Number of protein chains: 2
Amino acid sequence: MDSVKVIEIKKSVMENNDVQADKLREELKQEDTFLLNLMSAPGSGKTSCVLRIIEKLKDEMKIGVMEADIDSSVDAEKVAKSGVTAIQLHTGGMCHLDAEMTRQGIENLQTKDLDFVILENVGNLVCPAEFDTGASKCAMILSVPEGDDKPLKYPLMFSIVDLILINKIDCLGYFDFDVDAVRERIKKLNPNVTVLEVSAKTGEGFDAVADWIRSTREDWKK
Amino acid sequence: MDSVKVIEIKKSVMENNDVQADKLREELKQEDTFLLNLMSAPGSGKTSCVLRIIEKLKDEMKIGVMEADIDSSVDAEKVAKSGVTAIQLHTGGMCHLDAEMTRQGIENLQTKDLDFVILENVGNLVCPAEFDTGASKCAMILSVPEGDDKPLKYPLMFSIVDLILINKIDCLGYFDFDVDAVRERIKKLNPNVTVLEVSAKTGEGFDAVADWIRSTREDWKK
């Protein structure tokens, strides 16, 4: 039996995702709920980063987390232990979430009293980049073991986000990963994006992540 | 300018992918070309593993490689340096290859005189598992830094392959990855799959990979 709420997401019937996304974004704005869509390849450390972010912000914001996966509820169970509201979304094999699927999650999470909601999207560097979920802002994680060539191969994902975390920075000595080169490649695709180096393992860099969330949320509220 | 042939793959117009896949598989069988569809998440080390496999087998088989990516031709360039025929397939944003797209690659690679062709699919643990490419056999890579929970989250991919390489086994001490647990999870999904531990960095384990390819290809020829 699952110890967290698991939602079986239905495939969207809405035709115009962008319209639905703008609608959801506006509704969340009205209720003062800042929604961050967090994307990455499988195994980049999304859930571990979410736990570090919760650690930094849970005393000042009411936080909720939606964990999207094709199967299992291991991530939502991990997050629920940190004391915030967490639900698991099962996508029924779908490789991404769109706005209507995100809305199903939002309605189940009951976000009205929440200040900050993280949507952990399906682990995939391709499809989630193509669908506006209605989030206030988008972030992605690239982890050091994945290699510094990823912006060359998955340019859309790197282009559409507002924040990029380079995770597993603690194992930089072990892998052939050129941080300057990757920053250069990102800059060409997305000149204004914030790039922060972090380690979910050691906690390094998460003060800066919390600062980014705080100030971005303040700007967004204006 | 690209130093390797880059093919801009067109979106398939064929309706029944399974029929197209069987047709391609049969044609490749007739010309004695064994096609391996290699899948994984981004950054698991597909290209590095392909290079190790080429090293082991290039003196006994005529090998060709098709590198599929949304953008860039860095992978095909790396492979071409190893002395085998390599082409780059650009998927135009598509997150997977189907049989018709694979056929476009096969026709450009000119596989008639090749014994063994590797298709390096788009880095993605979701969509490529849903489309039969017409390959003789399917393989996937899970790398240690991605975590041992991946079979729970991406069950379809682990279910449909004939060979699983656990790569980056050299950094096992650095990450919290339980090899026995992952083998157990894989066994539940796919009891007969071969699971081999490898390191593309050190070369460890690739004699066993070459043996698997040799013997599987011999069985397939019968």
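Preceding this section is the structure that the text describes.
The paragraphs below set out a description of the structure included in this document. Values in this document were obtained by computation on a predicted structure and should not be read as measured data.

Some points on a negative patch on the surface
Right, so step 1: Taken together, the side chains of Asp176, Asp178, Asp180 and Glu184 of chain A present a region of like negative charge at the surface.
Right, so step 2: Mapping Asp178 of chain A onto the fold places it in the loop between strand E7 (163-167) and helix H7 (179-189).

Remarks on the sheet that holds strand E3 (residues 63-69) of chain B
Residue and element names in this part refer to chain B.
Right, so step 1: The eight strands lie next to each other as E1-E4-E3-E5-E2-E6-E7-E8, forming an open sheet whose pairing is parallel. Taken across any chain shown, the strands that pair with only one partner, and hence form the sheet edges, are strand E1 (5-8) and strand E8 (194-197). Looking at each pair of strands side by side, their axes are set apart by 20° on average, direction ignored.
Right, so step 2: Across four bridges, the pairing between strand E7 (residues 163-167) and E8 is parallel. Looking at the pairing, Leu163 lines up with Thr194 of E8.
Right, so step 3: Sheet contacts for helix H4 (residues 99-109): E1, strand E2 (34-40), E3, strand E4 (85-90) and strand E5 (116-120); angle to E3, the most-contacted strand, approximately 135°.

What about the nonpolar core?
Right, so step 1: Core analysis: the largest hydrophobic core is formed by 90 residues, its most contacted members being Met66 and Leu89 of chain A together with Met66 and Leu89 of chain B.
Right, so step 2: Excluding residues within four positions of it along the chain, Leu89 of chain A makes contact with Ile7, Ile9, Met66, Glu67, Ala68, Asp69, Leu97, Gly105 and Leu119 of chain A.

Brief notes about the side chain of Lys150 of chain B
Right, so step 1: Turning to its location among the elements, Lys150 of chain B is positioned in helix H5 (residues 150-153).
Right, so step 2: Residue Lys150 of chain B is classed as buried on the basis of its relative accessible area, which comes to 4%.
Right, so step 3: A distance of 2.6 Å separates polar atoms of two side chains, one belonging to Lys150 of chain B and the other to Asp149 of chain B.
Right, so step 4: Setting aside anything within four residues of it in sequence, one finds Lys150 of chain B in contact with Pro42 and Gly43 of chain A together with Leu142 and Phe158 of chain B.

So, the interface of chain B and chain A
Right, so step 1: Every contact between the two is made by 33 residues of chain B and, on the other side, 33 residues of chain A.
Right, so step 2: Surface buried jointly by chain B and chain A totals about 2,500 Å² across both partners, of which 58% is contributed by carbon and sulfur atoms.
Right, so step 3: Its largest share of buried area at the contact with chain A, chain B owes to Pro42, Lys153 and Tyr174 of chain B, together 24% of the area lost on that side.
Right, so step 4: For the pair chain B and chain A, the number of links is two salt bridges.
Right, so step 5: Where chain B touches chain A, the interface holds ten residue pairs in polar contact (both at pLDDT 80 or more).
Right, so step 6: Those elements that provide at least two residues to the side of chain B that touches chain A are helix H3 (74-80) and H5 of chain B.
Right, so step 7: A class-by-class count of the residues in the side of chain B that touches chain A yields 16 nonpolar, five polar and twelve charged.

Structural notes on the environment of Cys95 of chain B
Right, so step 1: Here Cys95 of chain B lies in the loop between E4 and H4.
Right, so step 2: With a relative accessible area of 12%, Cys95 of chain B lands in the buried category.
Right, so step 3: When the C-alpha atoms of Cys95 of chain B and Cys127 of chain B are compared, they prove to be 6.4 Å apart, with 32 residues separating the residues in sequence.
Right, so step 4: Here Cys95 of chain B is in contact with Val126 and Cys127 of chain A together with Val122, Asn124, Cys127 and Pro128 of chain B, once residues within four sequence places are set aside.

What about the sheet that holds E7 of chain A?
All names here are of chain A.
Right, so step 1: The eight strands lie next to each other as E1-E4-E3-E5-E2-E6-E7-E8, forming an open sheet whose pairing is parallel. Lying at the two open borders of the sheet, with one neighbouring strand each, are strand E1 (5-8) and strand E8 (194-197). For this sheet, the mean inter-axis angle between neighbouring strands, taken without regard to orientation, is 20°.
Right, so step 2: Across the sheet, helix H4 (residues 99-109) lies against E1, strand E2 (34-40), strand E3 (63-69), strand E4 (85-90) and strand E5 (116-120), angled at about 135° from E3, the strand it touches most.

The rules behind the values
Residues numbered from 1 in each chain as written. Chains lettered and ligands numbered in written order. Predicted model: local features only at pLDDT ≥ 70, side-chain atom pairs only at ≥ 80, totals over all residues. Heavy atoms only, no water. Patch = residues over 30% accessible without salt bridge, like charges linked within 9 Å, V, L, I, M, F, W, Y side chains within 5 Å. Areas by Shrake-Rupley, 256 points an atom, 1.4 Å probe, with all protein chains shown as cover. Salt bridge = Lys/Arg side-chain N within 4 Å of Asp/Glu carboxyl O. Lys, Arg positive; Asp, Glu negative; His and termini not counted. Charge placed at Lys NZ, Arg CZ, Asp CG, Glu CD. Helix = DSSP H or I, 4+ residues; strand = E, 2+ residues; numbered from the N terminus. Pairing = 2+ DSSP bridges. Axes fitted to C-alpha atoms, helices over the stretch in contact; angles between N-to-C directions. Contact = heavy atoms within 4.5 Å. Core = buried A, V, L, I, M, F, W, Y, C linked by side-chain atoms within 4.5 Å. Buried < 20%, exposed > 50% of the residue type's maximum accessible area, 1.4 Å probe, protein only. Polar contact = N/O pair within 3.5 Å; in protein donor to acceptor, adjacent residues only side chain to side chain. Buried area = accessible area lost by both parts, 1.4 Å probe. Nonpolar A, V, L, I, M, F, W, Y, C, P; charged D, E, K, R; others polar.

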